[in-house]
Amino acid sequence: MFANIYWKRILVAVRNRGTLIWTWIFPLMMATLFYFAFSGLNDAELLKTIPVGIVTSDEYENDTAFQTTLTAVSDPEEGFLALTEYDTAEAAEEALKGGEIEGFIRLENGSPKLAATKNELNQTILKSFLDQYVQTKHTVVSLLGEGTGDVSRILSLFDTEAWTKALSLSKNPPSETVSYFFALLAMVCLYGGFQGLDSVSYLQANLSPMGIRRTISPVKRFPMVVLDLLAALTVHMACLLFLLAYLVFILGVDFGASLLPVIVTCLFGSFLGLSFGAFVTAVSRAKEGMKVAVIITVSLICSFGAGMMVSGINYKIAQAIPILSWLNPAARISDALYCLYYYDGYSQYFLNLGILAAMALVFSVITAFFLRRQRYESI
């Protein structure tokens, strides 16, 4: 009998079109949208080759030192400039106005001058490069004027030895996109509330015809509740695993070295979402449509606080209102996945799981309290 109840509850959950759309189809659409919308974020901060013009005046043609310098920094493999020559300053200015170049350089009395219409990162890099060239050239001329003949002092000016070394503080490379997928998984976990809503509705005689039949059945109420929630958890976990497989194997989203802790996080998040939906259904006497609206609204607000719509908003909330961040279940799920991706230890990860378990326990206890108090005068 118990296996039959478990299996029939799974079939009912699978055939629910509303739940199918919100927990299966909608997350896949969001994941695909995120993939195409944010796929270039990881490369956005990389230094690109800067298109710059040079006016080939007679003074430039006679300055072999500056020509050699520009040739070195515009090397196709190691350079950072994409150099374009112009016969006149007017032609270079037209290219600048047309957006073909970020700026153009011309020599005036032996000193390079930069012309630009913007004051952004690329223009700052060009200005710093030209300033460094002028300073180095002035120092070399001064040393040669002293007649010291110390070649080593001159060569030391061109020494570009780096005194810093890039180190990664995490086992995985930094990513600007993975946080969006963490928040998406957190949102789908909270959408387990739809399964919790159905489970409680199917147990209450005043909410559904099935609830009437099950209330007067000879099966004890406690095992029926447990089997219903277990079946709902099974269906929702299948949904999360399907979404996770789509993210990892189809879209190529990297969640770190091991997927097992990610699955465990989804399990805790699924149980929390399930218990939240059961809680909303048990304590409220509103119609089913209103309860669905509450679950969707709360899930979206929590997902916003976890950084699904605005990157970094979760960290700002954590700094400004820490208690609000700790009580946000979506933020705890997303932070647990974040800890798995970046941290070597598991202390913060287990702390997030503990908070999720405590929230789910509170919702479950309150739900059980309301369900035990319900009595029906006539069925």
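Residues numbered from 1 in each chain as written. Predicted model: local features only at pLDDT ≥ 70, side-chain atom pairs only at ≥ 80, totals over all residues. Heavy atoms only, no water.

**Student:** Please clarify how the overall build of the protein should be interpreted in this entry.
**Tutor:** Counting its regular elements, the protein contains 17 helices and 4 strands. Here the contacts in the protein between residues at least 6 apart in sequence split such that 71% fall between residues at least 24 apart. (Helix = DSSP H or I, 4+ residues; strand = E, 2+ residues; numbered from the N terminus. Contact = heavy atoms within 4.5 Å.)

**Student:** Hey, could you run me through the sheet that holds strand 4 (residues 111-115) in this one?
**Tutor:** Hydrogen bonds between backbone groups are what pair the strands of a sheet, and the pairing can be parallel or antiparallel. Pairing is mixed across the open sheet formed by 4 strands, whose spatial order is 2-1-3-4. Each having just a single partner strand, strand 2 (81-86) and strand 4 make up the two edges of the open sheet. Taken over all neighbouring pairs, the strand axes of this sheet differ in orientation by 30° on average, direction set aside. With 5 bridges joining them, strand 3 (residues 103-108) and strand 4 adopt antiparallel strand pairing. Counterpart to Phe104 in the pairing with strand 4 is Ala115. Along the sheet face, helix 4 (residues 64-73) touches strand 1 (50-55), strand 2, strand 3 and strand 4 and points at about 135° away from the line of strand 2. Where helix 5 (residues 89-97) meets the sheet, it contacts strand 1, strand 2, strand 3 and strand 4, and its direction lies at approximately 160° from that of strand 3. (Pairing = 2+ DSSP bridges. Axes fitted to C-alpha atoms, helices over the stretch in contact; angles between N-to-C directions.)

**Student:** Is there a simple way to explain the packing of helix 2 (residues 17-38) against helix 9 (residues 193-201) in this structure?
**Tutor:** Helix-helix packing: each pair is described by the crossing angle between the helix axes and the interaxial distance. Direction vectors running N to C along helix 2 and helix 9 enclose 160°, while the axes themselves pass 10 Å from each other. Put simply, helix 2 runs roughly antiparallel to helix 9. Handedness of the crossing formed by helix 2 with helix 9: left-handed. Contacts between helix 2 and helix 9 involve Thr19, Trp22 and Thr23 from the former and Phe194, Gln195 and Asp198 from the latter. Residue classes in the contact of helix 2 with helix 9 are distributed as 2 nonpolar, 3 polar and 1 charged. (Parallel < 35°, antiparallel > 145°, perpendicular 65-115°, else oblique. Left-handed = near helix turned anticlockwise from the far one by under 90°. Nonpolar A, V, L, I, M, F, W, Y, C, P; charged D, E, K, R; others polar.)

**Student:** I tried to follow the pattern of salt bridges on my own but got confused; where do I start?
**Tutor:** All chains considered together, the criterion is met by 4 salt bridges. Here Asp131 and Lys127 are joined by a salt bridge, their closest N and O atoms 3.0 Å apart. Of this pair, Asp131 and Lys127 both sit in helix 6 (residues 121-146), 4 residues apart, which is roughly one turn of the helix. Taking the relative accessible area as the measure of exposure, Asp131 reaches 32% and is therefore partly exposed. Looking at Lys127, the relative accessible area reads 44%, which means it is partly exposed. Here Arg332 ties to Asp335 by a salt bridge, and the two come within 3.5 Å at their closest N and O atoms. (Salt bridge = Lys/Arg side-chain N within 4 Å of Asp/Glu carboxyl O. Buried < 20%, exposed > 50% of the residue type's maximum accessible area, 1.4 Å probe, protein only.)

**Student:** Is there a simple way to explain the packing of aromatic side chains in this structure?
**Tutor:** How two aromatic rings sit relative to each other is given by the distance of their centres and the angle of their planes. In total, this model carries 23 aromatic pairs according to the counting rule given. Measuring from ring centre to ring centre gives 5.8 Å for Phe80 and Phe129, while their planes differ by 85°; the resulting arrangement is edge-to-face. Separated by 49 residues along the polypeptide, Phe80 in the loop between helix 4 and strand 2 and Phe129 in helix 6 bring together distant segments of the chain. The class of Phe80 is partly exposed, set by a relative accessible area of 21%. (Phe/Tyr/Trp six-rings, centres within 6.5 Å; stacked < 30°, edge-to-face > 60°.)

**Student:** I'm lost on a negative patch on the surface in this one. Help?
**Tutor:** Taken together, the side chains of Asp58, Glu61, Glu85 and Asp87 define an acidic patch exposed on the protein surface. Relative to the elements of secondary structure, Asp87 occurs in the loop between strand 2 and helix 5. (Patch = residues over 30% accessible without salt bridge, like charges linked within 9 Å, V, L, I, M, F, W, Y side chains within 5 Å. Areas by Shrake-Rupley, 256 points an atom, 1.4 Å probe, with all protein chains shown as cover. Lys, Arg positive; Asp, Glu negative; His and termini not counted. Charge placed at Lys NZ, Arg CZ, Asp CG, Glu CD.)

**Student:** Sorry if this is basic, but what is going on with the pairing of strand 1 here?
**Tutor:** Note on strand geometry: in a regular strand, side chains alternate between the two faces of the sheet. Among the 6 residues that make up strand 1, 5 are buried, leaving the element largely enclosed by the rest of the structure. For strand 1 and strand 3, the ladder comprises 3 bridges, and the chain directions are parallel. Paired with Val52 across the two strands is Gly103, which belongs to strand 3.

Limitation: the analysis is restricted to geometry and does not speak to function.
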